[in-house]
Amino acid sequence: MPTFVFRAALAALLLTAGFAATDLRADEDAPRLMVDALNAERAARGLGRLATNRRLANEAQFLAERLAEENTLRIDLAAQQQRLRSAGYPYRRIASVAASGTGQTNLALEHVMARSNASEDVLSSEYSEIGIGRAGDEVSYWVVTLAHPIREADAGWRRELLMHVNAYRARYGLAALTLNETLNVMAQAHSDDMARRDYFGHDTPEGITVADRAVTAGYKYGVISENLAAGLRKPEEVVQGWIRSEPHRVAMMNEKITEAGAGYSFVPFDDGQVGSVHYWTLNMGRPRTKRR
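Keep in mind it's a predicted model, so treat the numbers as computed, not measured. (Residues numbered from 1 in each chain as written. Predicted model: local features only at pLDDT ≥ 70, side-chain atom pairs only at ≥ 80, totals over all residues. Heavy atoms only, no water.)

Here we look at the pattern of salt bridges
Counting across every chain of the model gives eleven salt bridges. The salt bridge partner of Glu-41 is Arg-45, with a shortest N-O separation of 3.0 Å. Taking the relative accessible area as the measure of exposure, Glu-41 reaches 9% and is therefore buried. For Glu-226, the salt bridge identified is with Arg-213, shortest N-O distance 2.9 Å. You can see Glu-226 sitting in strand S6 (residues 221–230) and its partner Arg-213 sitting in helix H8 (residues 210–217), a full 13 residues away along the chain. (Salt bridge = Lys/Arg side-chain N within 4 Å of Asp/Glu carboxyl O. Buried < 20%, exposed > 50% of the residue type's maximum accessible area, 1.4 Å probe, protein only. Helix = DSSP H or I, 4+ residues; strand = E, 2+ residues; numbered from the N terminus.)

Structure below.
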């Protein structure tokens, strides 16, 4: 990704937000004022606010100091990505913008490079968090880092997942499924295994099936089935995906099943071939009826 630098775009944003013509370089609150200005412009365009993130701010400050020391505006994005990874910040998208200025005019950033796409970044709905760094004496070097983090599913995902499954079953007059702890453990183990060993499928690399896993888990079933999903964070999105897929929808609508168990595994830095970050398993079954 190229290094983006901006001048007129940012100056316009600051003036639109109603900031006085001041030397921002001399103001300790300059990074905060810049964030406020950018958010004011985003709000005017119906876009969500950018939340300040400490790790992004630390990274932007580190980079600004390096640019000031080396007297350059070139950003090594690959190195920045690795630093953020080392800092434990998983992201789906990232962009960085660098600019320098003398601080002697009412413009926030005095000198800029050509090929500026900064406004496309700061006014993009693809980003939700921001960090700003500033360094230098005679010349101020600014770095704006924008990102959209990867987040784990919210607490309570298991019951939420079952709630959406049961809501769909209820639309067709089918009884609600109840959570079964053995099925929960079994589903969780499969989600963890897929995430750990980098595969996505009902059968393990050794060919172990859902029925095999049920036997190993001690679930004596009359009926057993399984739905899988990957790459989605919200339980509602997972269930909607299953509804749109006929085999998954049929499995959820089976009138013979009475119980379910869910598993979810989160891999924020998922570098494998699957690379889906979120791994979901829904096991559905009915215990075997005891023979008399």
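The structure having been displayed, the exposition proceeds.
Here's the deal with the environment of Gly-201
Note on placement: Gly-201 falls in the loop between helix H7 (181–197) and H8. Residue class for Gly-201 comes out buried when judged on its relative accessible area of 17%.

Details of the side chain of Ser-96
You can see Ser-96 is positioned in strand S2 (residues 91–101). Given the relative accessible area of 4%, Ser-96 is considered buried. In terms of polar contacts, Ser-96 uses its side chain to reach the side chain of Gln-80, at 2.7 Å. Here the side chain of Ser-96 touches Thr-145 through a polar contact of 3.0 Å, side chain to side chain. (Polar contact = N/O pair within 3.5 Å; in protein donor to acceptor, adjacent residues only side chain to side chain.)

Some details on the side chain of Asn-166
Relative to the assigned elements, Asn-166 resides in helix H6 (residues 157–170). Accessibility expressed as a relative area gives 15% for Asn-166, which makes it buried. Beyond its immediate stretch of four places on either side in the chain, Asn-166 contacts Ala-176 and Leu-177. (Contact = heavy atoms within 4.5 Å.)

Details of the environment of Tyr-279
Tracing the backbone through its elements, the reader meets Tyr-279 in strand S8 (residues 278–287). Given the relative accessible area of 0%, Tyr-279 is considered buried. Distance in space between the C-alpha atoms of Tyr-279 and Ser-265 is 5.1 Å, their sequence separation being 14 residues. The residues contacting Tyr-279, other than those within four sequence positions of it, are Ser-191, Met-194, Ala-195, Tyr-199, Ala-229, Ala-230, Gly-263, Tyr-264, Ser-265, Val-267, Asp-270 and Val-274. In terms of polar contacts, Tyr-279 uses its side chain to reach the side chain of Asp-270, at 2.6 Å.

Things to note about the sheet that holds strand S5 (residues 178–179)
Spatially, the four strands line up as an open sheet ordered S5-S7-S8-S6, and their pairing is mixed. Edge positions in the sheet fall to S5 and S6, since each has one partner strand and no second. Sheet analysis places S5 next to strand S7 (residues 259–266), joined by two bridges and oriented parallel. Directly across from Leu-179, in S7, lies its bridge partner Ala-260. Of the strands in this sheet, S6 and S8 are in contact with H8, which crosses S6 at around 115°. (Pairing = 2+ DSSP bridges. Axes fitted to C-alpha atoms, helices over the stretch in contact; angles between N-to-C directions.)

Focus on the confidence of the model for the chain
Model confidence for the chain is summarised by a mean pLDDT of 84, while 83% of its residues fall at 70 or above. Note that pLDDT drops below 50 for residues 1–26; the model gives that stretch 72 contacts with residues more than four away or on any other chain. Every residue in residues 103–115 scores below 50 in pLDDT, and together they form 37 contacts with partners more than four places removed in sequence or on other chains. (pLDDT = per-residue confidence, 0-100.)

Some words on the packing of aromatic side chains
Overall, the coordinates contain four aromatic pairs when judged by the stated rule. When the centroid spacing of 5.7 Å and the interplanar angle of 85° are considered together, the rings of Trp-157 and Trp-280 count as edge-to-face. Placement of the pair is Trp-157 in helix H6 and Trp-280 in strand S8, with a sequence separation of 123 residues. A relative accessible area of 0% means that Trp-280 is categorised as buried. Between the aromatic rings of Tyr-264 and Trp-280, the centroid separation amounts to 4.3 Å while the plane-to-plane angle is 35°, which identifies the pairing as tilted. Here the residue Tyr-264 occupies a position in strand S7, and Trp-280 occupies one in strand S8, the gap between them amounting to 16 residues. Through a chain of ring-to-ring contacts, the aromatic side chains of Trp-157, Tyr-264 and Trp-280 assemble into a single cluster. (Phe/Tyr/Trp six-rings, centres within 6.5 Å; stacked < 30°, edge-to-face > 60°.)

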